[in-house]
Amino acid sequence: MCSLPLLSHDRALGVLNVGRERPEAFSPQDVELLRQVSQQIAIAVENALAYRQIEELKEKLNTERLYLEEVPA
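Reading guide: rules and limits
Residues numbered from 1 in each chain as written. Predicted model: local features only at pLDDT ≥ 70, side-chain atom pairs only at ≥ 80, totals over all residues. Heavy atoms only, no water. Helix = DSSP H or I, 4+ residues; strand = E, 2+ residues; numbered from the N terminus. Buried < 20%, exposed > 50% of the residue type's maximum accessible area, 1.4 Å probe, protein only. Contact = heavy atoms within 4.5 Å. Expected span 1.5 Å × (residues − 1).

**Student:** What should I look at first to understand the environment of Leu4 in this one?
**Tutor:** You can see Leu4 is positioned in strand S1 (residues 2–8). The class of Leu4 is buried, set by a relative accessible area of 12%. Through-space distance from the C-alpha of Leu4 to that of Pro28 is 13 Å; in sequence the pair is 24 residues apart. Those residues in contact with Leu4 that sit more than four places away from it in its chain are Val15, Leu16, Val31, Leu34, Arg35 and Ser38.

Right, here's the structure in full:
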């Protein structure tokens, strides 16, 4: 089993766990490749979280705008 953290800007986003049935498990080259892959996955996860946060803020702003349009002056 190979476990690699998904890190972005010194923030842990999760863990990439990869298993293999062969007894020799992973070579150093395999681990390096998985490390590089985990970095790319961390970027994708961070982008997805940021996108979700932006969508939530846009929805909140839209709700507040509608409220302010309904309030009499």
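Next, the rest of the story.
**Student:** I tried to follow helix H1 (residues 28–70) on my own but got confused; where do I start?
**Tutor:** Every α-helix winds through 3.6 residues per turn, so residues three or four apart in the chain are directed the same way. End to end, H1 covers 63 Å across 43 residues, agreeing with the expected 63 Å (1.5 Å per residue, within 8%). All buried positions along H1 are accounted for by Leu34, Ser38 and Ala42. Among the structural elements, S1 and strand S2 (11–18) are those in contact with the buried residues of H1.

**Student:** What should I look at first to understand unusual backbone geometry in this one?
**Tutor:** Not every positive phi belongs to a glycine, and His9 is a case in point at roughly 55°. Assignment of secondary structure puts His9 in the loop between S1 and S2. Judged by relative accessible area, His9 falls into the exposed class, the value being 69%. Residues other than glycine seldom take positive phi values, yet Ala25 does so here, at roughly 55°. By secondary structure assignment, the location of Ala25 is in the loop between S2 and H1. Accessibility expressed as a relative area gives 24% for Ala25, which makes it partly exposed.

Shape is all these values report; function is a separate question.
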